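Here is how the chains run, residue by residue.
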Amino acid sequence: MHTNHAQRGFATLTLSVLLLSIIILATLYTARFKAQEQRVMRNHAASQEAYLVADAALEQVIMLIDADRDNLTRSIDGTIAGATYSATTVGTRFNDTARGDIDLVDITVAAQSADGRGQRTFRQSLAVMPLIRSAPDVPIAIRGAMNVSGSFQVVANPNGGGDGVPLSIWTSDDVDINGNGTTCGQQEFDQGNCASLPFSERGDHGVDILDNDPNFPDDLMMYLFGIEEANWTDLKAMATAEYENCDSLNAASTGLIWISGPCELSSGQIGTEENPVALVIQDGDFRINGSMQIFGMVFAFRTPGNIATYDFKMNGGAVIQGAVMANFDPDLSNGNLTARYNAQVLQNVVTNDAFRRVYRVGGSWHDF
Amino acid sequence: MTSKINRMHGRGFTFVELLVALVIIAVGVAGLVSLQRTYLQSSVRAAERTEALEIAQERLELLRFTEFEDIASGTDTVTRGDKTYAVTWTAAPQYFNGVWLTTGDVGLPSPLPAQPDAKSVAIDISWTTRGGGAETVAIEAWLGSITGRDGGLVITEPAARSEPQVTYNPGAAPEVIAVRLTDDDNANLFQVKETTRPTPQVERSGDKLSVRFDTVTYDEATQTQRVEDFVTVNCSCTMRGFGEGATPSRLILEDGRLTLDPNGNQQVTKIYGEPLNVDQSELCTQCCRDHHDNSDMANAGVVYKQDDNRTPSGNHRHYTPENIFGFSTRATVGQNYEESCRMRRIDGYYAMYPDWQLQALTVTSAEYLINAAGAAAYTDYVRAVVRSLVLGTALPAPLSDRDISVAPGAYQMIGRGIYLDTMSSEHVQAVRTAINNNEADWISKVPFYEVNLTLLGEWAASQPTVASVTNQPIETIVDPENNYYGTYSRGRVQAQTSGQSIVDIDVMGGNAGVLGSDPLHPLESSTAQSSSLTVTVDSQAGDGGGTALFSVTGEVNCLLMQNGRYRSCTNRYYNSVSITTSDLNISCTYSKQGNADTGSYSCSGIPAGTSFTISFSSDAGGVFQPSTITVSDLQQNEQYNVLMTVD
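Residues numbered from 1 in each chain as written. Chains lettered and ligands numbered in written order. Predicted model: local features only at pLDDT ≥ 70, side-chain atom pairs only at ≥ 80, totals over all residues. Heavy atoms only, no water.

Caption draft 1: Main features of the pairing of strand E35 (residues 642-646) of chain B. All names here are of chain B. Among the five residues of E35, five are classified as buried, and the element is accordingly described as predominantly covered. Residues Val642, Met644 and Val646 point to one face of E35 and Leu643 and Thr645 to the other, with burial holding for every one of them. Bridge count for strand E26 (residues 549-562) against E35 is five bridges, and the pairing is parallel. For Val556, the partnering residue across the bridge sits in E35 and is Val642. Two elements, strand E32 (residues 623-625) and E35, share three bridges in a ladder whose sense is antiparallel. Bridge assignment links Val623 to a residue of E35, and that residue is Thr645. (Buried < 20%, exposed > 50% of the residue type's maximum accessible area, 1.4 Å probe, protein only. Helix = DSSP H or I, 4+ residues; strand = E, 2+ residues; numbered from the N terminus. Pairing = 2+ DSSP bridges.)

Caption draft 2: Just the packing of aromatic side chains, in detail. Considering all chains together, one arrives at 25 aromatic pairs over all chains under this definition. With a centroid separation of 6.4 Å and an interplanar angle of 70 degrees, the aromatic rings of Trp258 of chain A and Phe301 of chain A are classed as edge-to-face. Here Trp258 of chain A, found in strand E14 (residues 255-260), pairs with Phe301 of chain A, found in strand E19 (residues 293-301); they are 43 residues apart in sequence, far enough to count as distant. On the accessibility criterion, Trp258 of chain A (0% relative accessible area) is buried. For Phe301 of chain A, a relative accessible area of 1% puts it in the buried group. Residue placement shows Arg180 of chain B over the ring face of Phe190 of chain B; its charged tip is 4.1 Å from the ring centre. (Phe/Tyr/Trp six-rings, centres within 6.5 Å; stacked < 30°, edge-to-face > 60°. Lys NZ or Arg CZ within 6 Å of the ring centre and 35° of its normal.)

Caption draft 3: A negative patch on the surface, seen in detail. Residues Asp173, Asp174, Asp176 and Asp329 of chain A make up a contiguous surface patch of negative charge. Of note, Asp329 of chain A is situated in the loop between strand E21 (318-326) and strand E22 (336-340). (Patch = residues over 30% accessible without salt bridge, like charges linked within 9 Å, V, L, I, M, F, W, Y side chains within 5 Å. Areas by Shrake-Rupley, 256 points an atom, 1.4 Å probe, with all protein chains shown as cover. Salt bridge = Lys/Arg side-chain N within 4 Å of Asp/Glu carboxyl O. Lys, Arg positive; Asp, Glu negative; His and termini not counted. Charge placed at Lys NZ, Arg CZ, Asp CG, Glu CD.)

Caption draft 4: Structural context of the environment of Ala331 of chain B. All names here are of chain B. Turning to its location among the elements, Ala331 is positioned in the loop between helix H5 (295-300) and strand E13 (336-346). Taking C-alpha positions, Ala331 is 36 Å from Val385, a pair spaced 54 residues apart along the chain. The contacts of Ala331, once residues within four sequence positions are left out, are Met239, His318, Tyr319, Thr320, Asn336 and Tyr337. (Contact = heavy atoms within 4.5 Å.)

On their own, these measurements won't tell you what the molecule is for.
See below:
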């Protein structure tokens, strides 16, 4: 009887423990499942974090490339919000493309989440392209006619029309030299013999003046910048600086400078041989009255559809070291100017950092 | 007993048993429930965090599609399911100035650019948990000022850049002879080489000359061209000793094409000189300094002057001016010497080139070269000369049909020289291979120059009374009082009366020939060339015994008024001259060779006793003095000069 009782109690206990064990087992299983889920969640979060870090890192690296456009192959390490990343960039040069000599930069960014669990690798290509497709071929190019009655000197591009073929003026209409103007070679100019040993002078046009050229570009902006005149706002958006007039320009000015208004200059200097300017004067008069010396390129630009007439005058011994272009008829009466094709200046206008822009290559981003 | 037990069994568990079992299970289940609660909570939290990160990412995407300048701080709330998340983003400008700097940092660029290089955006997502606790997820994003839409230029190809195409207008015979650089008469694609602009110009002062001309090589098909702008100068220099000087530039053969030697125009140590005075061409600074060789240059075969008797330093010989003709005294350091240099314009500036080397000389009448058959025979001759020079064989015989028979009158003769630059042995071998392989355009690989030397050679006639030839000094000054109009005449035969006269042109070798000057070096006189032709004059109409024939000839001079002074006219005015006669049976010709040649007219072979007038006109505004020449009862050769003035 006693034994029976004891046996019955034991059975109850056994059953309870059994039941408890089953519950514990079920719970443990759930726990394992939940832990797994937690791990998945944590990894997902870490991956998301790494993604965001890689994304921020890529932006930083792009701007670092932009800050030094000459040094395109390098390794960059950094931190974003406590997470580390390392990036490598490889620059490849492509010469003589439709947009000039361009560099393609392949960026690889490997980023980690702060805890080091998540890792992401982003790749993106950048193009570093010159604003100006190629140095202008001539010191003076005008879409229109050119009638000069003052005294001027134009110093030819020694290879403007081919190897050793000098070119000084290129226009779509007539060139009429009435004053004491001459065009000459670089050596003659340097030695002060531009007037006595000219290529062209009044009544005697040499081969260095290419006027009435049916092949003159319809669109000078396309010729210079590879952007259609109609899309001139795109170019404006890329300007280093925008001003209403030319008053704040000086020798320290460099880059693409957009003047939306009249540009009146008297004396002094704009740009230097090492750091020249590319001035775009949009829908405004361009007048130099004095010994102003400009290193770089001046482009007097009348926006499409605009039929207003603007002055384009250079008097008083103005010197342009580089090139002058206009997409309308300039008024060069009584002008006294020197336009010298300066190959060094025009090379710098194409290759200097201030004239190169970094672009993302569309479709090049990938995260593998 | 069995039934008792069964009864006992059927009675169930005792209360105590049940209680114990319940306690055990309750303890276990209580623990499990709290465990499950934790599980649930953390699950929810993890889901919320993931949700928050996704919201942050969405915010980032929105910011990425915001114009860079419009990216600014802001707040928002987002509801996901029954949960509301507060989104706060704070944008800070970042300037890169060696390191990344933001507002308030030391070393920010000054002045601060309108837009920073990048913007860092701290995105905070906060929400309240079920239990009332505050949760936050913070991420840091960066956005560069180079936005994605800038990339349009990368994927759009601009229209082709139209570059200026300078069409070359080939020069006209007899002044300029175009040599086709192919042996194939039927070739469609070939290059043509011609030397144009032979315009000797006397420098502003002194007796120093500089002679400029261009050698143009152009592609018949594409009109692309290469211009070699040569200037040859003579200078008086002083020898200075050892110093820095440039080696010559030259053309070498690369990839089957003639290209400038990239190793040319290098500074090396050698003897150098200085101009004796400033009263000569600016080019003399280069000429005096650089026109010397050293042993390295001599060994490499890249020298200014070929010389078989070099100085110990490897230099070629230079001579003092007083002994030039005897070549007896060599100039040493400190002494003055006479120099001549050939230079070519490279990238706008004249660079030193090796001296000219005359290889052959030919005199013909202008008529001969104007005639297509004559021009073709001459260019064939040029190619044959260059071929034998390359192959090292004997030069071909001069053209045999150049002699002329003329009536009294003025006739321009033309002297043309063939020059060849020294080529390296590999270069010569490459050309020989091309010849052996029957490559029609082998000659395009040879740096040869065919030059009009009419105004530079020394002319002489054996019987001046029968036919004289002009040989005026090379003088281009303008002095109307003394009959100087900036031009001079050479090689113009004045046929007078029946008989024969041998007309001869002599040209010095080297630079002296191109400068029309005395030789400065023994090699320049030893490599001199001459060429002659016979002029037969017949001053009787018919086969002798007919009416006597005479001529009316003269010079056409031109002066251009500029800045209150007269200067010589440019070719435009000379080319505007037209001459008419009152007698249709009399024709007058007009001749003008290049800038420096004196214009002339000739009404030749006019029967004796003729009376007529000659009228001059210009369509470029020139006024003639006289504008009409009246000839009555012509009984001798007559000469009338006219002067055209342009105001």
